[in-house]
Amino acid sequence: MSGIHAPKILRRGVWRYLSDRDILVAALMTALAFTATLGLLYVAHLARVCWHAGRSTTRPSERRTMLIFGRRLVDDRPEADFVARLARGRQGAWAGRTDRVLVLGGQSGGEVSEAEAGRRWLVEQGWPATVRMELEQASIDSLENLRHARELLREAADASLPPVWLVTSRYHLARCLYLARRLGFDAAPVAAEERLPLGRRYIVRLMMEAGYLMWIDTGMRWAAVSGNRRMAARIS
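I will try to describe carefully the structure that is included in this document. (Residues numbered from 1 in each chain as written. Predicted model: local features only at pLDDT ≥ 70, side-chain atom pairs only at ≥ 80, totals over all residues. Heavy atoms only, no water.)

## A closer look at the sheet that holds strand E3 (residues 132-136)
Taken in spatial order, the five strands line up as E3-E2-E1-E4-E5 in an open sheet, and their pairing is parallel. Only two strands of the sheet have a single partner each, and these edge strands are E3 and strand E5 (187-191). This sheet shows a mean twist of 25° between the axes of neighbouring strands, independent of strand direction. Sheet topology note: the strand E1 (residues 65-68)/strand E2 (residues 100-104) ladder contains three bridges and is parallel. Looking at the pairing, Ile68 lines up with Val103 of E2. The strands that helix H4 (residues 114-125) touches are E2 and E3; relative to E3, the one it contacts most, it runs at about 155°. Set on the sheet, helix H5 (residues 142-153) makes contact with E1, E2, E3 and strand E4 (164-168); between it and E2 the angle comes to about 145°. (Pairing = 2+ DSSP bridges. Helix = DSSP H or I, 4+ residues; strand = E, 2+ residues; numbered from the N terminus. Axes fitted to C-alpha atoms, helices over the stretch in contact; angles between N-to-C directions. Contact = heavy atoms within 4.5 Å.)

Printed below as a string of structure tokens:
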């Protein structure tokens, strides 16, 4: 007899953690902190998300390994946000700002991984033969993206990680930077969009990212205060 499976949306991103006790504790502590600060905690995180979204460069200034973050596909093809990330990474590769690129992203409901769809797009558009391209196809969220990228980039258990560019949408940069630095990366942001969009959809994305970041950061602070090593180990 086959088991009952959760809808696909509940198996991706933040939704897949809703049955996890540690994550629910972090959510409770976040709600308490939000209430205790009269919402100022959220405002601080929103300001952080908006600062990175508005100030991050689109032109890498030095040579680093480049991580291009995937996004859910549409009919097995990159949608607009993902295309912008890929185009920015391609631009950096042709400009000589990297000699190694990892395209990140596992299955998101289609026949191919996000990383493979991204590779196909980059090859179609023209990719410099001198830049090594690798795929990270085992992840389904930003934290897993970075964890698996760390495994691919670290040649030995005690080896240091190369400095990296994080190439993603402006709304996504603050969370990726937070996670990457906690995981031990020397990371710097590269924004996919030329400038910060101010449409309704983008403002909603910025607000959502502020909530995610507040949840993660409050959970990590609670783990440190309470001595919950299991929770702290999730992002270390």
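## Topic: unusual backbone geometry
If you check the backbone angles, Asp75 has positive phi at about 55° while not being a glycine. With respect to the helices and strands, Asp75 occurs in the loop between E1 and helix H3 (80-94). Judged by its relative accessible area of 72%, Asp75 is exposed. Here Asp76, not a glycine, exhibits a phi torsion of approximately 65°, which is positive. Examined against the element boundaries, Asp76 turns out to sit in the loop between E1 and H3. (Buried < 20%, exposed > 50% of the residue type's maximum accessible area, 1.4 Å probe, protein only.)

## Here's the deal with the packing of helix H2 (residues 40-55) against helix H7 (residues 200-226)
It is at 8 Å that the axes of H2 and H7 come closest, and there the two elements cross at 120°. What the angle tells us is that H2 and H7 run oblique. Relative to H7, the crossing made by H2 is right-handed. On the side of H2, the interface is formed by Leu41, Tyr42, His45, Leu46, Arg48, Val49, Cys50 and Ala53, while H7 contributes Leu206, Met207, Glu209, Ala210, Gly211, Leu213, Met214, Asp217 and Thr218. A class-by-class count of the residues in the contact of H2 with H7 yields eleven nonpolar, three polar and three charged. (Parallel < 35°, antiparallel > 145°, perpendicular 65-115°, else oblique. Left-handed = near helix turned anticlockwise from the far one by under 90°. Nonpolar A, V, L, I, M, F, W, Y, C, P; charged D, E, K, R; others polar.)

## Focus: the pairing of E3
As a general feature of sheets, a regular strand has side chains that alternate between the two faces. As defined by bridge partners, E2 adjoins E3 across five bridges and the pair is classed as parallel. Its bridge partner lying in E3, Arg100 is registered against Arg132.

## Examining the side chain of Ser108
Topologically, Ser108 is positioned in the loop between E2 and H4. A relative accessible area of 6% means that Ser108 is categorised as buried. Only 3.4 Å separates the side chain of Ser108 from the side chain of Glu114, close enough to count as a polar contact. (Polar contact = N/O pair within 3.5 Å; in protein donor to acceptor, adjacent residues only side chain to side chain.)

## Some details on H7
The first and last C-alpha atoms of H7 sit 39 Å apart over 27 residues, in line with the 39 Å expected at 1.5 Å per residue. Just downstream of H7 lies Gly227, where phi reads positive at about 75°. (Expected span 1.5 Å × (residues − 1).)

## Concerning the nonpolar core
Counting residues in each nonpolar core, the largest one holds 34 residues, and the members touching the most others are Leu67, Leu146, Leu166 and Phe185. At the level of elements, H2, E2, H5, E4, helix H6 (173-182) and H7 are the ones that each hand at least two residues to this core. Broken down by element, this core gets its largest block of residues, eight residues, from H7. One finds Ile68, Leu73, Ala117 and Val190 within the second-largest nonpolar core, a separate group that totals 19 residues. (Core = buried A, V, L, I, M, F, W, Y, C linked by side-chain atoms within 4.5 Å.)

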